[in-house]
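For reference, the chains in residue letters:
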There are 2 protein chains.
Amino acid sequence: MALTPARTMPGVLELLPLDQIAFQRMLDIIRRNFERFGFLPVETPVIEFSDVLLTKSGGETERQVYFVQSTGSLAKEGTPELALRFDLTVPLARYVAEHEHDLSFPFRRYQMQRVYRGERAQRGRFREFYQCDIDVIGKDSLTTRYDAELPAVIYSTFRELDIGAFTIQLNNRKLMRGYFESLGIAESEQQMLVLREVDKLDKRGVDYVRDTLTGEAFGLSAEVAAKILDFVQVRSRSLDDAFASLDALGSGPEALEQGRAELKEVLGLIRDFGVPETHFALNLSIARGLDYYTGTVYETTLNDHPQIGSICSGGRYENLASQYTRSRLPGVGISIGLTRLFWQLRDAGLLGNARSTVDVLVTQMDAAQLPTYLAIANELRSAGIATEVVLESGKLAKQFKYADRAGIRFAVVVGEDELAKGVVTVKDLRRGDQFEVARGELAKALRVELEQAAVMG
Amino acid sequence: MALTPARTMPGVLELLPLDQIAFQRMLDIIRRNFERFGFLPVETPVIEFSDVLLTKSGGETERQVYFVQSTGSLAKEGTPELALRFDLTVPLARYVAEHEHDLSFPFRRYQMQRVYRGERAQRGRFREFYQCDIDVIGKDSLTTRYDAELPAVIYSTFRELDIGAFTIQLNNRKLMRGYFESLGIAESEQQMLVLREVDKLDKRGVDYVRDTLTGEAFGLSAEVAAKILDFVQVRSRSLDDAFASLDALGSGPEALEQGRAELKEVLGLIRDFGVPETHFALNLSIARGLDYYTGTVYETTLNDHPQIGSICSGGRYENLASQYTRSRLPGVGISIGLTRLFWQLRDAGLLGNARSTVDVLVTQMDAAQLPTYLAIANELRSAGIATEVVLESGKLAKQFKYADRAGIRFAVVVGEDELAKGVVTVKDLRRGDQFEVARGELAKALRVELEQAAVMG
């Protein structure tokens, strides 16, 4: 029979077990932190009705959508009835609108699932990737205080993920629009265009943005362009510095005053939430490309790896689900694109050593002693120690090699000598040494070793 | 603007948060048990190349497959290039063949992901559902001892899931075929047909199966049919009983002898793995419809709810990935269809009371005291207690109602009185009582309450 080549499509990140364990650990940490702050889990189907999924999106999203057809519907004309979700925000809107009367508001949900985009295949672009989202949704209204809670969750999460120093950067869309308005850019549409230009500041640089703003498309004066560039280059070094920078903008139209008041409240509360001032800052260039943000916007960057870009972004929106319900549902949310983050961290060598979920391998010296090996494994598992038993007979050296290659640190050996003495030998494959312990003390001794290993690495 | 009705397609199980929490707890328990036995996590992309996915499957599977097309490829003729996986076994075969040289054998993997089938919509049939699979894959060979390990994992998992008494039932395909052979049913194809008939015994009853076997299609004598029916009605009441039943079959052709030897070894080892004799049994009617099983086969049923059918099934196969690689990869595996199981348990009222992942709600009596409330929440979260703070101002009674509805048991109240005395009030919303505790003792006191609640319910 001719073989079919075993392969996956480009743009997916399929991992070998040790990498999958590292990925799973990150998912677990994120989930633990989301839950610690009182967010509730939601999972939605990966397949949605196309008309539900594509109500709001522009042409760009539609071109990237994966449509789904069962065999029976393949022959049908027109846009297929089903499609794969391309983010978790549209499914959230659909979920909240569908289950509105069964939910308590403010509705605080987290969702950690994969999303799909028919992207052109290129390095670092994924067609399937995990998003880890939290959102707080209000009914009719939602206090700005929640805008301060999300940075507290981000801080707690990334601290525990332990991937280096990071800064949560904040801005406010109203403040930006109000400031542009004070410079004579009065039209909302024009404000959005300027906002999108300044969003490119970090990527394209000051000169590029200045040239664009004073060029034909915008036709702004050199003076106005300079003021915009001064504005968007504001970065705070402390909370007091942030307050001072905001005050230094001077008085302005209502939008500016409202945006400033919101930012001040949010920044002050972030401190009250226990986030150190070293970990959050004002950054007036943050705009976020998406049109639906209306107030606070966030980006989070690794201090030592700015090239990775934002590792967690989000913001405040006025109305989550206007396409599905007449209820007004304002909210605020953030999203971690974990697949891309994991890929970048691994690429930059920041992931650290792979460690297996398997703590101990019980080796097999003598097949006749299998019941003893199984009983030992049972004791260890009851003590919460993840244990594999070698069931295939073979040389001990080969069994050690298997453990070492699989990232299992400890091997338990019981031969004639050990049986006679009522002990077992524990081999530490990383340190390359071994010790004997009474059979009854094994679980306790291994727990101590494993706790030390977890701390010391 | 006209609204789009918010809805999901039929055949998916979308849960409200409290049900999602219950579902997630089951997933966590299953994962913890899989890891405790030393299985390694694997996740594969939900989209596979169609030619990779559909190499082995017959027409039935192909009719149920969901094909995937990006917008650009919609116009193309012929079978679409991409499709959604319909199980986790084909992706495992592809994974092992693709990464063969990077894996250690025996390769022990678990995988807990959703799969997709374009089923006709009907009650209890799902188009999207979770499968929780473990498999052990050998290179060239794999000792039958692993066939005994999987029931040990099942036992440990279902005991912790705490959904009532269950029995892991075992049979062996070789034993069945050998027995049929001893009755003169020599052709392999004919053996398979008989095997599929007796698999219907529990659903259709003895009379139906006898009539079919003695009818035109099979044309077996009444005597042979009676022997087959006697055979498949064998159920053991203990390990000794199982051995006695197997011996009572008398000697027979090689396949029968081999199957009997395997079953005896497996049954004995299951006991050595620590599974009580009350929880596993011989059941010679278990055949499993799938053609690829060649030795041990398993089904697990709830003793008090036989109508639910098998909640965990699997078996031994000769060669996992012959369509992708010339390497011989024998294996043994089991699968829990968690979505269907959850749905059935909920339907039968066996799920128990919903409890939130949120342990404590810190209420807001006075907005001016928000920094105090946030500091308390911070202390609780640092102590590992999942805590939500009310940020929206409003009446206390409404806040209690929110907590109660959301399944949050404890509410923390700090008003003027408490502040003056340096205490906080803890309200137990389930028991309907409350107590005061010194602010510095709050986290400790709540941990005690939560531990009691976890034990007492």
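Per chain, residues are indexed from 1 in the order of the written sequence. Just so you know, chain letters begin at A and ligand numbers begin at 1, following the order they were written in. Only residues with pLDDT of at least 70 get local features here, since the model is predicted, and only at 80 or more are side-chain atom pairs given and counted; chain-wide, interface and lining totals rely on the full set of residues. Only hydrogens and water are removed before side-chain values are computed, so all heavy atoms of the structure are retained for them.

Labelled according to an unreviewed UniProt entry, chain A appears under the name Histidine--tRNA ligase, originating from Frateuria terrea. UniProt positions are given in the numbering used here, feature names are shortened, and annotations may be inferred rather than shown by experiment. Per UniProt, chain A has the following entry under Sequence similarities (unreviewed entry): "Belongs to the class-II aminoacyl-tRNA synthetase family." Recorded in UniProt for chain A, the comment headed Subcellular location (unreviewed entry) runs: "Cytoplasm".

Caption draft 1: Layout of the sheet that holds strand β8 (residues 280-282) of chain B. Residue and element names in this part refer to chain B. Spatial strand order, β1-β5-β6-β11-β10-β9-β7-β8: eight strands in an open sheet with mixed pairing. The open sheet terminates on both sides in strands that have one partner only, identified here as β1 (40-41) and β8. When DSSP finds at least two bridges between two strands, those strands are taken to pair. Secondary structure elements are taken from DSSP: a helix is a run of H or I of four residues or more, a strand is a run of E of two residues or more, and numbering for both begins at the N terminus. As defined by bridge partners, strand β5 (residues 107-116) adjoins strand β6 (residues 128-137) across ten bridges and the pair is classed as antiparallel. Among the inter-strand pairings, Arg108 is bridged to a residue of β6, identified as Val136. Contacts: residue pairs with any heavy atoms within 4.5 Å of one another. Working convention: axes come from line fits to C-alpha atoms, limited for helices to the stretch in contact. Angles between N-to-C directions cover 0 to 180 degrees. Where helix α6 (residues 173-182) meets the sheet, its contacts fall on β7 (166-172) and β9 (293-302), and the angle it forms with β7 comes to roughly 50°. Of the strands in this sheet, β6, β9 and β11 (331-337) touch helix α13 (residues 338-347), which is tilted by about 40° from β11.

Caption draft 2: How the structure looks around helix α4 (residues 89-99) of chain A. Counting buried residues in α4(A) gives ten out of eleven residues, a clear majority hidden from the surface. A:Thr89, A:Val90, A:Pro91, A:Leu92, A:Ala93, A:Arg94, A:Tyr95, A:Val96, A:Ala97 and A:His99 are the residues of α4(A) that are buried. Contacts made by the buried residues of α4(A) are with β2 (47-49), α2 (50-53), β5 (107-116), β6 (128-137) and β10 (312-317) of chain A together with α1 (17-36) of chain B. Throughout, exposure labels follow a simple rule: accessible area from a 1.4 Å probe, protein chains only, divided by the maximum for the residue type, with under 20% read as buried, over 50% as exposed, and the rest as partly exposed.

Caption draft 3: Broad picture of helix α15 (residues 396-405) of chain B. Inspection of α15(B) places B:Gln399, B:Phe400, B:Tyr402 and B:Ala403 among the buried residues, and these make up the whole buried set. Taken around the axis of α15(B), the buried residues stretch over an arc of 155°, which confines them to a single face. Exposed residues on α15(B) whose side chains face more than 90 degrees from its buried face are B:Ala397, B:Lys398, B:Lys401 and B:Asp404. Where α15(B) is buried, its residues meet β5 of chain A together with β12 (360-362), β13 (387-389), β14 (410-413) and β15 (423-428) of chain B. B:Gly407 lies just past α15(B) and shows a positive phi near 75°. Throughout, the arc means the angular range of directions from the helix axis out to the C-beta atoms.

Caption draft 4: Expanded view of the side chain of A:Arg173. Along the chain, A:Arg173 turns up in helix α6 (residues 173-182). Separated by 2.8 Å, the side chain of A:Arg173 and the backbone oxygen of A:Ala287 make a polar contact. Contacts described as polar in this section are N or O atom pairs within 3.5 Å, which, within protein, must combine one atom able to donate a hydrogen with one able to accept it, while residues neighboring in sequence count only if both atoms come from side chains.

Caption draft 5: Quick peek at the environment of B:Gln369. Residues and elements named next belong to chain B. With respect to the helices and strands, Gln369 occurs in the loop between β12 and α14 (370-382). In this structure Gln369 comes out as partly exposed when scored by relative accessible area, which is 23%. For Gln369 and Tyr402, which are 33 residues apart along the polypeptide, the C-alpha to C-alpha distance reads 20 Å.

Caption draft 6: Local environment of the packing of aromatic side chains. Ring geometry is summarised as follows: Phe, Tyr and Trp rings, the Trp one being its six-membered ring, pair when their centres sit within 6.5 Å, and such pairs are stacked at plane angles under 30 degrees, edge-to-face over 60 and tilted between the two. All told, the structure shown has 22 aromatic pairs over all chains when counted by the stated rule. When the ring of A:Phe34 is compared with that of A:Tyr110, the centres are 5.9 Å apart and the planes differ by 55°; the resulting orientation is tilted. One end of the pair, A:Phe34, is in helix α1 (residues 17-36); the other, A:Tyr110, is in strand β5, and 76 residues separate them in sequence. The buried category is assigned to A:Tyr110, whose relative accessible area is 4%. Taken together, the aromatic side chains of A:Phe23, A:Tyr130 and A:Phe342 make up a single cluster linked through ring pairs. Charge-over-ring placement is defined geometrically: NZ (Lys) or CZ (Arg) within 6 Å of the ring centre, and within 35 degrees of the ring normal. The ring of A:Tyr208 has A:Arg204 lying over it, and the distance from NZ or CZ to the ring centre is 4.7 Å. Seen from the ring of B:Phe39, B:Arg108 lies directly overhead, with NZ or CZ sitting 4.4 Å from the centre.

Caption draft 7: Up close: the UniProt feature "binding site: L-histidine" (unreviewed entry) in chain A. All names here are of chain A. Annotation from UniProt places "binding site: L-histidine" (unreviewed entry) at Asp87, Leu88, Thr89, Arg117, Gln131, Asp135, Arg288, Tyr292 and Tyr293. By secondary structure assignment, the location of Gln131 is in strand β6. We classify Gln131 as buried; its relative accessible area is 10%. Contact partners of Gln131, with chain neighbours within four places excluded, come to Asp87, Leu88, Gln111, Met112, Gln113, Val115, Arg117, Ser335 and Ile336. Within the secondary structure, Tyr293 is located in strand β9 (residues 293-302). Contact partners of Tyr293, with chain neighbours within four places excluded, come to Arg173, Arg288, Gly314, Gly315, Arg316 and Tyr317.

Caption draft 8: Local environment of the pairing of strand β3 (residues 66-70) of chain B. Burial of β3(B) is extensive: four of the five residues sit out of reach of the surface. As judged from the five bridges shared by strand β3 (residues 66-70) of chain A and β3(B), these two strands associate in the antiparallel manner. Within the sheet, the bridge partner assigned to A:Val68 lies in β3(B) and is B:Val68. As judged from the two bridges shared by β3(B) and strand β4 (residues 82-84) of chain B, these two strands associate in the antiparallel manner.

Caption draft 9: The arrangement of the side chain of B:Ser50 in detail. All names here are of chain B. Position of Ser50 among the secondary structure elements: in helix α2 (residues 50-53). Residue classification places Ser50 among the buried positions, given a relative accessible area of 6%. In contact with Ser50, other than residues within four places in its own chain, are Phe67, Pro80, Glu81, Leu82 and Ala83.

Caption draft 10: Highlighting the domain arrangement of chain A. With domains assigned, chain A is organised as domain 1 (15-147 + 328-349), domain 2 (165-303) and domain 3 (360-456). These domain boundaries are the output of an automatic or database domain assignment. In this structure, domain 1 of chain A and domain 3 of chain A have C-alpha centres spaced 42 Å apart.

Caption draft 11: Examining the interface of chain B and chain A more closely. Contacts between chain B and chain A engage 104 residues on the former and 104 residues on the latter. For any pair of parts, buried area is found by adding up, for both, the accessible area (1.4 Å probe) each one loses once the two are put together. The junction of chain B with chain A conceals about 9200 Å² of combined surface from both sides, 57% of it contributed by carbon and sulfur atoms. What counts as a salt bridge is simple: a side-chain nitrogen of Lys or Arg found within 4 Å of a carboxyl oxygen of Asp or Glu. Between the two partners, chain B and chain A, sit twelve salt bridges. In this structure, A:Glu149 and B:Arg381 form a salt bridge, with 3.9 Å as the shortest nitrogen-oxygen distance. Here chain B is connected to chain A by 40 residue pairs in polar contact (both at pLDDT 80 or more). No other element matches α1(B), which puts eight residues into the side of chain B that touches chain A. Within the side of chain B that touches chain A, the residues separate by chemical class into 52 nonpolar, 27 polar and 25 charged. Asp, Glu, Lys and Arg are counted as charged, while Ala, Val, Leu, Ile, Met, Phe, Trp, Tyr, Cys and Pro are counted as nonpolar; the rest, among them Gly, fall into the polar class.

Caption draft 12: Local environment of the relation of the copies chain B and chain A. Rotating chain B by 180° about the axis while translating it 0.0 Å along that axis superimposes it on chain A, leaving an RMSD of 0.0 Å. The transformation relating the two chain copies, once decomposed into turn and shift, fits a two-fold axis. Within chain B, B:Val68 has its C-alpha nearest the rotation axis, a separation of 2.3 Å. Interface overlap between copies: 100% of the residues of chain B at the interface are likewise at the interface in chain A, consistent with a symmetric, same-surface contact. Each copy is superposed on the other by least squares, with the fit set by C-alpha atoms of residues at a pLDDT of at least 70 in both.

Caption draft 13: Structural view of the packing of helix α7 (residues 188-198) of chain B against helix α9 (residues 206-214) of chain B. Residue and element names in this part refer to chain B. Two elements in contact, α7 and α9, have axes whose closest approach is 10 Å; the angle formed by their N-to-C orientations is 160°. Considered as vectors, α7 and α9 are oriented roughly antiparallel to each other. Crossing of α7 over α9 shows right-handed handedness. Counting all contacts with α7, which are made through Val194, Glu197 and Val198, the residues of α9 involved are Tyr208, Val209, Thr212 and Leu213. Across the contact of α7 with α9, the residue classes break down as five nonpolar, one polar and one charged. Under this scheme an angle from 65 to 115 degrees is roughly perpendicular, one under 35 degrees roughly parallel, and one over 145 degrees roughly antiparallel; angles in between are oblique. The sense of a crossing depends on the near helix, which, turned anticlockwise from the far helix by less than a right angle, makes the crossing left-handed and, turned clockwise, makes it right-handed.

Caption draft 14: The nonpolar core, seen in detail. If you look at the biggest cluster of nonpolar residues, it comprises 106 residues, and the most contacted ones within it are B:Phe158 and B:Ile228. Top contributing element to this core by residue count: helix α5 (residues 145-161) of chain B, with nine residues. Think of a nonpolar core as a cluster: buried Ala, Val, Leu, Ile, Met, Phe, Trp, Tyr and Cys residues, connected wherever their side-chain atoms sit within 4.5 Å. Judged by nonpolar contacts, the second largest core, of 105 residues, contains A:Phe180, A:Leu213, A:Leu284 and A:Leu338.

Caption draft 15: Representation of the packing of α9(B) against helix α10 (residues 222-232) of chain B in the model. Residue and element names in this part refer to chain B. Look at α9 against α10: their axes get within 9 Å of each other, and the N-to-C directions meet at 140°. Considered as vectors, α9 and α10 are oriented oblique to each other. As for how α9 packs across α10, the hand of that crossing is right-handed. Facing α9, whose interface residues are Val206, Val209, Arg210, Leu213 and Thr214, α10 presents Ala222, Ala225, Ile228 and Leu229. Along the lines of polarity and charge, the residues of the contact of α9 with α10 split into seven nonpolar, one polar and one charged.

Caption draft 16: Representation of the environment of A:Glu35 within the structure. Tracing the chain through its elements places A:Glu35 in helix α1. Remark: the alpha-carbon pair of A:Glu35 and A:Pro10, spanning 25 residues in sequence, is separated by 34 Å. The residues contacting A:Glu35, other than those within four sequence positions of it, are A:Tyr110, B:Thr357 and B:Ala386.

Caption draft 17: Spotlight on the pattern of salt bridges. Tallied over the entire structure, the rule returns 70 salt bridges over all chains. In this structure, the salt-bridge partner of A:Asp207 is A:Arg210, at a minimum N-O distance of 3.1 Å. Highlighted residues: A:Asp207 and A:Arg210, both in helix α9 (residues 206-214), separated by three residues, approximately one helical turn. Under the relative-accessibility criterion, A:Arg210 is labelled partly exposed at 36%. With a shortest N-O distance of 2.9 Å, B:Arg94 and B:Glu98 are connected by a salt bridge. Highlighted residues: B:Arg94 and B:Glu98, both in helix α4 (residues 89-99), separated by four residues, approximately one helical turn. Note on B:Glu98: relative accessible area 29%, which makes it partly exposed. Put simply, A:Arg409, A:Asp428, A:Arg431, A:Asp433 and A:Glu449 are held in one network by salt bridges that share partners.

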